[in-house]
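# Geometric and topological summary
The chain contents come next:
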Amino acid sequence: MSVRLPLLLMLALAGTGHARADEPGAWSDARQMVVVTTPGWNVDHGTLRTYARTANGWKEIGAPAPVTIGKAGAAWGLGLNAPRHDGPVKREGDLRSPAGVFDIGEAFGYAAKADTAMPYRALTASDYCVDVSGSPQYNRIVDAKVVGEKAVEGSTEPMRRDIHVHGDQRYAQGFVIEHNPQQRARGGSCIFAHLWKSPVDATTGCTAMDPSLMHRLLAWLRPDDHPVFVLMPTPAYEKLQADWRLPALGDAAR
């Protein structure tokens, strides 16, 4: 008994730890879902759909819309689902958008206010997202005036791109996709949904869209509904859809 009891306790604890990242329990409280599917792992564009959970299951809200993703396509990221390796795996600087299921974090933009119920960050000239792996602020949006200029040294992600990058409007509206919240070294950082430069311009790992679509998303999302963001190639999505209790895609998506 003295040997078996600790063993059983260890197994129980291990099971509890796994359950926290178990599919689909990790997003069982989500009542809003933003789903992006692409034709394949190495494709830089896809289709965005939105769903609300009802008493009868997931119901599609609004019409599907085009988006662009990472220039190199997609790769399994670090989110609510357990890590996967049956496809490319996301790494810092690989120009791939993370695939999987992720919490949706705060909204942000250049304006002082936005039409959204989500927590909103009005960006300033000193806001940066730190993409320097190994930094204590890695994968965090920080204010250099608060954390110090040294903390953002080497970061290539000024959030006020209109000020720092020749009037760029891509971050004029957006929201955080909570990839790699544990800040795993070189796991990938600063993943957002934001405005696109054009319908044919891919990103460095984010999901980009038309301003009207972003406006609709921000107005629709509700923090109390625990919204999540899902991105996968269609074949991977359809393989996991039933087990992960994701919305079934319409025939047009296949």
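The structure under discussion appears in the preceding block.
These numbers were taken from a predicted model, which means no experiment stands behind them. (Residues numbered from 1 in each chain as written. Predicted model: local features only at pLDDT ≥ 70, side-chain atom pairs only at ≥ 80, totals over all residues. Heavy atoms only, no water.)

## With respect to the overall build of the protein chain
Across its full length, the protein chain holds five helices and 13 strands. Rg of the C-alpha trace for the protein chain: 19 Å, near the compact-globule value of 18 Å for 254 residues, within the 12% margin. Taking the principal axes of its C-alpha atoms as reference, the protein chain extends roughly 70 × 50 × 35 Å. For the protein chain, buried positions account for 48% of its 254 residues. Across the protein chain, contacts joining residues at least 24 apart in sequence account for 61% of those joining residues at least 6 apart. (Helix = DSSP H or I, 4+ residues; strand = E, 2+ residues; numbered from the N terminus. Rg over C-alpha atoms; globule rule 2.2 N^0.38 Å. Buried < 20%, exposed > 50% of the residue type's maximum accessible area, 1.4 Å probe, protein only. Contact = heavy atoms within 4.5 Å.)

## Some remarks on the sheet that holds strand S9 (residues 157-158)
Spatial ordering of the open sheet is given by S8-S7-S9, a layout of three strands whose pairing is antiparallel. The sheet is open, and its two borders are formed by strand S8 (141-143) and S9, each paired with just one other strand. With three bridges connecting them, strand S7 (residues 127-129) and S8 associate as antiparallel partners. Its bridge partner lying in S8, Asp-127 is registered against Asp-143. (Pairing = 2+ DSSP bridges.)

## Describing the nonpolar core
Judged by nonpolar contacts, the single largest core of 58 residues is most densely connected at Trp-27, Met-33, Phe-175, Phe-192, Phe-229 and Met-232. Per-element accounting of this core gives the leading share, six residues, to strand S5 (residues 96-109). For Phe-175, the contacting residues outside a window of four places in its chain are Ile-104, Gly-105, Glu-106, Ala-107, Phe-108, Phe-192, Ala-193, Met-214, Leu-217, Leu-218, Leu-221 and Phe-229. By size, the runner-up hydrophobic cluster in this structure holds five residues, among which are Tyr-128, Val-130, Val-142 and Ala-144. (Core = buried A, V, L, I, M, F, W, Y, C linked by side-chain atoms within 4.5 Å.)

## What to know about the side chain of Asn-139
Position of Asn-139 relative to the elements: it lies in the loop between S7 and S8. From its side chain, Asn-139 meets the backbone oxygen of His-179 in a polar contact 2.9 Å long. A polar atom in the side chain of Asn-139 sits 2.8 Å from the backbone nitrogen of Cys-190. The residues touching Asn-139, leaving out its near neighbours within four places in the chain, are Cys-129, Val-130, His-179, Asn-180, Pro-181, Gly-188, Ser-189 and Cys-190. (Polar contact = N/O pair within 3.5 Å; in protein donor to acceptor, adjacent residues only side chain to side chain.)

## Brief notes about the state of the cysteines
One pass over the structure, following the stated rule, counts one disulfide. Each disulfide pairs two cysteine sulfurs, and for Cys-129 the partner residue is Cys-190, the sulfurs being separated by 2.2 Å. Handedness of the Cys-129-Cys-190 disulfide follows from its S-S torsion of about -95°: it is left-handed. Remark: Cys-190 occurs in the loop between strand S10 (173-177) and strand S11 (192-195) and Cys-129 occurs in strand S7; sequence separation between them is 61 residues. Under the relative-accessibility criterion, Cys-190 is labelled buried at 4%. Of the cysteine sulfurs around Cys-206, a residue in no disulfide, the closest is that of Cys-190, at 8.0 Å. Owing to a relative accessible area of 3%, Cys-206 belongs among the buried residues under this scheme. (Disulfide = S-S within 2.5 Å.)

## Remarks on the side chain of Ser-198
By secondary structure assignment, the location of Ser-198 is in the loop between S11 and strand S12 (207-209). The exposure class assigned to Ser-198 is buried, which follows from its relative accessible area of 17%. At 2.5 Å, the side chain of Ser-198 forms a polar contact with the side chain of Asp-201.

## A look at the packing of aromatic side chains
The geometry of an aromatic ring pair is captured by two quantities: the separation of the ring centres and the angle between the planes. Counted according to the given criterion, the structure contains five aromatic pairs. Residues Trp-41 and Trp-76 carry aromatic rings whose centres are separated by 5.3 Å and whose planes lie at 65° to one another, so their mutual orientation is edge-to-face. A residue pair is termed long-range when its members are at least 10 positions apart, and Trp-41 in the loop between strand S1 (32-38) and strand S2 (45-54) and Trp-76 in strand S4 (residues 73-76) qualify at 35 residues. Residue classification places Trp-41 among the buried positions, given a relative accessible area of 19%. Judged by centre distance (5.1 Å) and plane angle (75°), the ring pair of Phe-108 and Phe-192 falls under edge-to-face. Residue Phe-108 is found in strand S5, and its partner Phe-192 is found in strand S11; the two are separated by 84 residues along the sequence. On the basis of relative accessible area, Phe-192 is assigned to the buried category, the value being 1%. The ring of Tyr-110 carries Arg-160 above its face, with NZ or CZ at 4.8 Å from the centroid. A cation over an aromatic ring shows up here: Arg-161 above the ring of Tyr-171, its NZ or CZ 5.5 Å from the ring centre. (Phe/Tyr/Trp six-rings, centres within 6.5 Å; stacked < 30°, edge-to-face > 60°. Lys NZ or Arg CZ within 6 Å of the ring centre and 35° of its normal.)

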